[in-house]
There are 2 protein chains.
Amino acid sequence: MENALVKSIYRDPGPYLKKEIQISGWVRTLRVSKTFGFIEINDGSFFKNIQVVFEETLSNFEEIAKVTTGSSLIIKGQLVESPGAKQPFELKAQAIEIEGTCAADYPLQKKRHSFEYLRTIAHLRPRTNTFSAVFRVRSLVAYAIHRFFQEKGFVYVHTPIITGSDAEGAGEMFRVTTLDLEALPRTEEGQLDFAKDFFGKETNLTVSGQLNAETYSMAFRNVYTFGPTFRAENSNTARHAAEFWMIEPEIAFADLEDDMELAEEMMKYLVTYVLENAPEEMAFFNEFVDKTLLSRLENIVNSDFGRVTYTEAIEILKKEHDRFEYPVEWGADLQTEHERFLTEHIYKKPVFVIDYPKDIKAFYMRLNDDQKTVAAMDLLVPGVGEIIGGSQREERLEALEKRMVELGLRQEDYSWYLDLRKYGGTRHAGYGLGFERVIMYLTGVANIRDVIAFPRTVHNADF
Amino acid sequence: MENALVKSIYRDPGPYLKKEIQISGWVRTLRVSKTFGFIEINDGSFFKNIQVVFEETLSNFEEIAKVTTGSSLIIKGQLVESPGAKQPFELKAQAIEIEGTCAADYPLQKKRHSFEYLRTIAHLRPRTNTFSAVFRVRSLVAYAIHRFFQEKGFVYVHTPIITGSDAEGAGEMFRVTTLDLEALPRTEEGQLDFAKDFFGKETNLTVSGQLNAETYSMAFRNVYTFGPTFRAENSNTARHAAEFWMIEPEIAFADLEDDMELAEEMMKYLVTYVLENAPEEMAFFNEFVDKTLLSRLENIVNSDFGRVTYTEAIEILKKEHDRFEYPVEWGADLQTEHERFLTEHIYKKPVFVIDYPKDIKAFYMRLNDDQKTVAAMDLLVPGVGEIIGGSQREERLEALEKRMVELGLRQEDYSWYLDLRKYGGTRHAGYGLGFERVIMYLTGVANIRDVIAFPRTVHNADF
């Protein structure tokens, strides 16, 4: 008999009702009396469980009555309506087979566990309601990102993970090597001899695929990356992981305004997709994790995102300087408290801050006519602050070279990047979206360790 | 005026014909006479170019007449039918603006370049016909993989890239470290002190996400990974890269037969998707790269894949042993020449070889009742040989522990993996698909360096 998925049954019970069907899954709870019992089964396909009723007429009734939480079962039975009960239907078991037993020391008994404890059993936590919801939503959002860009004809490009360049000179990096640390090769001058390393030079894990993506944007016009990126920063916060996934679209014949329009459309698409495709999970988050979640997300979908220049934003914030821990001053980066004040109190909706001082932004951002600011944009959203950072790129060869000289970047390290400006360059723009930040935003989960299956942070690479 | 994409115009010219439109893109060729000229423009959205006609009535006719290949232009004009010509329509320019010029030393002049040379300008090669086709197909196939699994309700899981375990004890690995190689910390005993490294222990780049994916399969039932994996192997062949992407589905309550059905369905889906969504590119490959391509792929879609046990396959191959360079013997791994003979000459279609000797397969594969073979499967396809490797996993705790002891694997390194067998384990199975191998198969491109945007191989981590 073919196995039915619980998700299919919930979405359209009609074809299954009053029929003999087979399901299989894991025991979430089991209650039993002398003559009958109830089992809540989760089959992995759906957030909700299905209730199984079994009676003493089962040949192995005694054995089933002793089954422990976490065990896996295969159940044949008839799906019947259960009017008035909590669930719309239940499965009357005709035969139950134990697929796999669950040892008595199973850590996921019915009691509530702290997120901290569950991190220590990251291989089991997706079996809980919260993490089953988080990681199904994570999967759906990943897919929604691909759908959004593919439906617009963007080309997905896998930029390299191992890199010989250091992208923006920003962010501490992980070294990648096959050298024997107990017998490091040296040149005649006594220097470490990276010519003997696997790639014949020093290599690191990428911090961004943007510069590589730009090369593809100059061929395919509209491209995006979606891959892992790395920071070797010793910051043990709820928002930093050493390994995380990033999405970086890059669009040609496009300016900062086009960039913002794309970001706004994408954010709305992602929110809509997850609300439509994971309504049970989203209702669960709204009830148990963050009671403002759904109203916050509806605000995203229904707002026209605001626009404000950095300079204007500084004026607004200065008037309220008593509220802030960090000083407000033109030329300094906005702190999260500033960002949240702008989006939550001033605009009460998502807002783009544009035209930041050039000295707090990366070398590749396009210099504005004022010679002081660059065509950068950060998207701030209520509840979080910055969620997207992007810019129009400097497409003018001379301006880019001048900026690189100012910052002490060596042109020979970026010759291929400069080529893009020599050979049919165009206005272009792009942005970066930290995937985990988006998942935190869409679920209300506060710690990045709880939205990554097996998080990598300072002193932690377990599993 | 809004910009029209060349792809939209080709797919449905109706709404654009006889209208004033704007396009933008890069000059592929320009031919000019005294009073008029033709420009082939590629705008990145589509494999084909659009022809632009311009006349001396343009105010900047002289300037446009001198535009070089590779320059970027913005063109306003009227789309008109061009009956009898090579192309169904052309754009009669009313205004042409130069967005970006292209220097005279642009390497992509009209002449044909070797693949080897184009690898040295990997940042420019997607602007050629061949690589524009390869990397658009790569993007489409990546999306098709997500679509296939998501439509079946599979959960996409990002397994870790940096890992503290060594997966199967197989494959040479890249070390990831933040230790200062000039001042390596040592313990009092003089050992390298990895407690001082970023993660507090030795870490490497992953060679497979399978073991991690299995943990999620025991929660979500059906899951898949799609991410980068790494091999630090010193093999300078056309089929090996140090960094490549892999897809690893894992299914619960499933055996080897279910695994093969999934693999067959997926392969047919991918081929169908790419034929439907990249017909121009596929026709190009069939004409210029591999003239057997389309017939080979149609054979995939229209065949019921064969099944043969390893033991039967050895019997078949022994009868033909004169044909082979490598000996055919029970217990030895099949070589590519053996695999290709089976699929190309015996079956003339894709074929699964199952039940391999346990000693040439990984520790986690399920031992068959004969105690000699394991429930492994390799999918062989004409033209390539092995394209997928998978197995039913050993779900029996005792059998798995016994095998690990035989192979000298330390149980403490795999305690979380063994937990899956203690806590409600189920029959389960999965496979791995090398993404680049699939792209090579679907395009006919023979060298893995030509299907990776910026390939990483021995002594090469350029760009």
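Going by what an unreviewed UniProt entry lists, chain A is known as Asparagine--tRNA ligase and is assigned to Desulfitobacterium dichloroeliminans. Under the UniProt heading Catalytic activity (unreviewed entry), the entry covering chain A gives this text: "tRNA(Asn) + L-asparagine + ATP = L-asparaginyl-tRNA(Asn) + AMP + diphosphate + H(+)". The annotation that UniProt attaches to chain A under Subcellular location (unreviewed entry) is "Cytoplasm".

## Examining the packing of aromatic side chains
As enumerated under the stated definition, the model contains 74 aromatic pairs over all chains in all. Considering the side-chain rings of F36 of chain A and F38 of chain A, the 5.8 Å spacing of their centres and the 85° angle between planes classify their relative orientation as edge-to-face. For F36 of chain A, a relative accessible area of 36% puts it in the partly exposed group. Over the ring of Y356 of chain A we find K361 of chain A; its NZ or CZ atom is 4.3 Å from the centre of that ring. The lysine or arginine in question, R421 of chain B, covers the ring of Y417 of chain B, its NZ or CZ lying 4.2 Å from the ring centre.

## Things to note about the relation of the copies chain B and chain A
Once chain B has been moved 0.0 Å along the axis and rotated by 180°, it coincides with chain A to within an RMSD of 0.0 Å. Both chain copies can therefore be described as sitting about a two-fold axis. Among all C-alpha atoms of chain B, that of V176 of chain B lies closest to the rotation axis, at 2.5 Å. A high fraction, 100%, of the interface residues of chain B reappear at the interface in chain A, so the copies pair face to face through one surface.

## Some thoughts on the interface of chain B and chain A
On the side of chain A, 113 residues touch chain B, which itself brings 113 residues to the contact. At the boundary of chain B with chain A, total buried surface from both sides reaches about 9,000 Å², with 61% on carbon and sulfur atoms. At the boundary of chain B with chain A, the tally comes to 10 salt bridges. Among the ionic pairs, K422 of chain A bridges to D105 of chain B, the shortest N-O distance being 3.8 Å. The tally of links between chain B and chain A comes to 41 residue pairs in polar contact (both at pLDDT 80 or more). Ranked by the residues each element gives to the side of chain B that touches chain A, the list is headed by helix α4 (residues 129-151) of chain B, at 12 residues. Of the residues that constitute the side of chain B that touches chain A, the class distribution is 55 nonpolar, 36 polar and 22 charged.

The rules behind each value
- Residues numbered from 1 in each chain as written.
- Chains lettered and ligands numbered in written order.
- Predicted model: local features only at pLDDT ≥ 70, side-chain atom pairs only at ≥ 80, totals over all residues.
- Heavy atoms only, no water.
- UniProt positions renumbered as here; feature names shortened; annotations may be inferred.
- Phe/Tyr/Trp six-rings, centres within 6.5 Å; stacked < 30°, edge-to-face > 60°.
- Buried < 20%, exposed > 50% of the residue type's maximum accessible area, 1.4 Å probe, protein only.
- Lys NZ or Arg CZ within 6 Å of the ring centre and 35° of its normal.
- Least-squares fit on C-alpha atoms with pLDDT ≥ 70 in both.
- Contact = heavy atoms within 4.5 Å.
- Buried area = accessible area lost by both parts, 1.4 Å probe.
- Salt bridge = Lys/Arg side-chain N within 4 Å of Asp/Glu carboxyl O.
- Polar contact = N/O pair within 3.5 Å; in protein donor to acceptor, adjacent residues only side chain to side chain.
- Helix = DSSP H or I, 4+ residues; strand = E, 2+ residues; numbered from the N terminus.
- Nonpolar A, V, L, I, M, F, W, Y, C, P; charged D, E, K, R; others polar.

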